[in-house]
Amino acid sequence: MARNRFQEGDGPSQRQRKVAEVIRRRLSDVLMRGDIHDPDLNRLSITVGEVRVSPDLKVATAYVVPLGGKGADEMLERLAQNKSELRRAVAKGLELKFAPELRFRLDETFDHLDEARRLFSQDAVRRDVDDQ
């Protein structure tokens with residue numbers, strides 16, 4: 001596979017990023033509309049924060065979080081039980097040779113943001129930042 005001569009490092013390629021964003025949108029739409037035949041999954045409000053795709057585009061890892069952050073274990077269990085149906089629904093809108101295998105992980109980005117806000121709100125940190 002040809003490498004982009006302008007790309008530095010081992011980060012995702014432009015194609016990986018584009019495919020990941022299309023999958024993220026399709027997965028969000030499928031979950032929002034309740035296209036899956038599982039009433040327990042359809043009653044959950046799930047945010048798809050990010051999708052990362054493997055270099056061969058055969059595996060897509062979706063980072064998801066339930067609305068309000070509660071019920072993450074149930075959400076991941078329901079997504080895992082319905083991943084083949086989700087894979088078919090997401091693949092309908094893709095123009096790829098293979099429908100990527102979907103994997104689901106809990107998105108901890110929001111937790112990291114809360115921790116950063118907490119740290120920046122401390123008096124000692126604010127004083128150090130204001131001095132610069």
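Here the structure is a predicted model, which is why all the values come from computation and not from measurement.

Definitions and limits used
- Note that residues are indexed from 1 along each chain, following the sequence as it is written.
- Per-residue local features are limited, in this predicted model, to residues with pLDDT of at least 70; the limit for side-chain atom pairs, both in listing and counting, is 80 or more; totals at the level of whole chains, interfaces and linings are taken over all residues.
- By convention in this description, side-chain values take in all heavy atoms of the structure and omit both hydrogens and water.
- By nonpolar core is meant a set of buried Ala, Val, Leu, Ile, Met, Phe, Trp, Tyr and Cys residues that side-chain atoms within 4.5 Å join together.
- A 1.4 Å probe rolled over the protein chains alone gives each residue an accessible area, and that area as a share of the maximum for its type sets the label: buried under 20%, exposed over 50%, partly exposed in between.
- Under the DSSP-based scheme used, a helix requires at least four consecutive residues in state H or I and a strand at least two consecutive residues in state E, with every element numbered from the N terminus.
- Whether two residues touch is decided by their heavy atoms; if any such pair falls within 4.5 Å, the residues are in contact.
- The salt bridge criterion pairs a side-chain nitrogen of Lys or Arg with a carboxyl oxygen of Asp or Glu, the two atoms within 4 Å.
- Every definition here rests on a 1 Å grid over the protein atoms only: cavities are sets of points where a 1.4 Å probe fits but cannot get out, pockets are open sets enclosed by protein on both sides within 12 Å along at least five of seven lines, and lining residues have some atom within 4 Å of a point.
- Grid points are joined across faces, edges and corners, and a volume is the space filled by probe spheres set on the points.
- Directions are taken from the helix axis to each C-beta atom, and the arc is the one they span.

Considerations on the nonpolar core
Moving on, step 1. Counting 25 residues, the largest nonpolar core has I23, L79 and L86 as its most contacted members.
Moving on, step 2. Breaking this core down by element, the ones donating at least two residues are α1 (14-33), β1 (46-53), β2 (59-66), α3 (72-81), α4 (83-91) and β3 (101-106).
Moving on, step 3. Here this core gets 6 residues from one element, more than from any other, and that element is α1.
Moving on, step 4. Apart from residues no more than four positions distant in its own chain, I23 is found in contact with V51, V53, A60, V90, L94, P100 and L102.

Let's talk about the pattern of salt bridges
Moving on, step 1. Applying the stated criterion to the full structure yields 9 salt bridges.
Moving on, step 2. A salt bridge links R103 to E101; the nearest nitrogen and oxygen atoms lie 3.1 Å apart.
Moving on, step 3. Judged by relative accessible area, which is 34%, R103 ranks as partly exposed.
Moving on, step 4. Judged by its relative accessible area of 27%, E101 falls in the partly exposed class.
Moving on, step 5. Connected through salt bridges with shared partners, the residues D38, D40, R43, E74 and R78 form a single ionic network.

Description of the layout of surface pockets
Moving on, step 1. There is about 170 Å³ of room inside the second largest pocket.
Moving on, step 2. Around the second largest pocket, the lining residues are P12, Q16, R17, A20, E21, R24, E50, V51, R52 and V53.
Moving on, step 3. Elements with a contribution of two residues or more to the lining of the second largest pocket: α1 and β1.
Moving on, step 4. The greatest single-element share of the lining of the second largest pocket, amounting to 5 residues, is contributed by α1.

Side note on the environment of L94
Moving on, step 1. Within the secondary structure, L94 is located in the loop between α4 and β3.
Moving on, step 2. Under the relative-accessibility criterion, L94 is labelled buried at 14%.
Moving on, step 3. Not counting chain neighbours up to four residues away, the residues in contact with L94 comprise V22, I23 and P100.

Details of α3
Moving on, step 1. All of the buried residues along α3 are A72, M75, R78 and L79. Down the axis of α3, the smallest arc covering the buried residues is 130°, so these residues share one side.
Moving on, step 2. Close packing links the buried residues of α3 with α1, α2 (39-42), β1, β2, α4 and β3.

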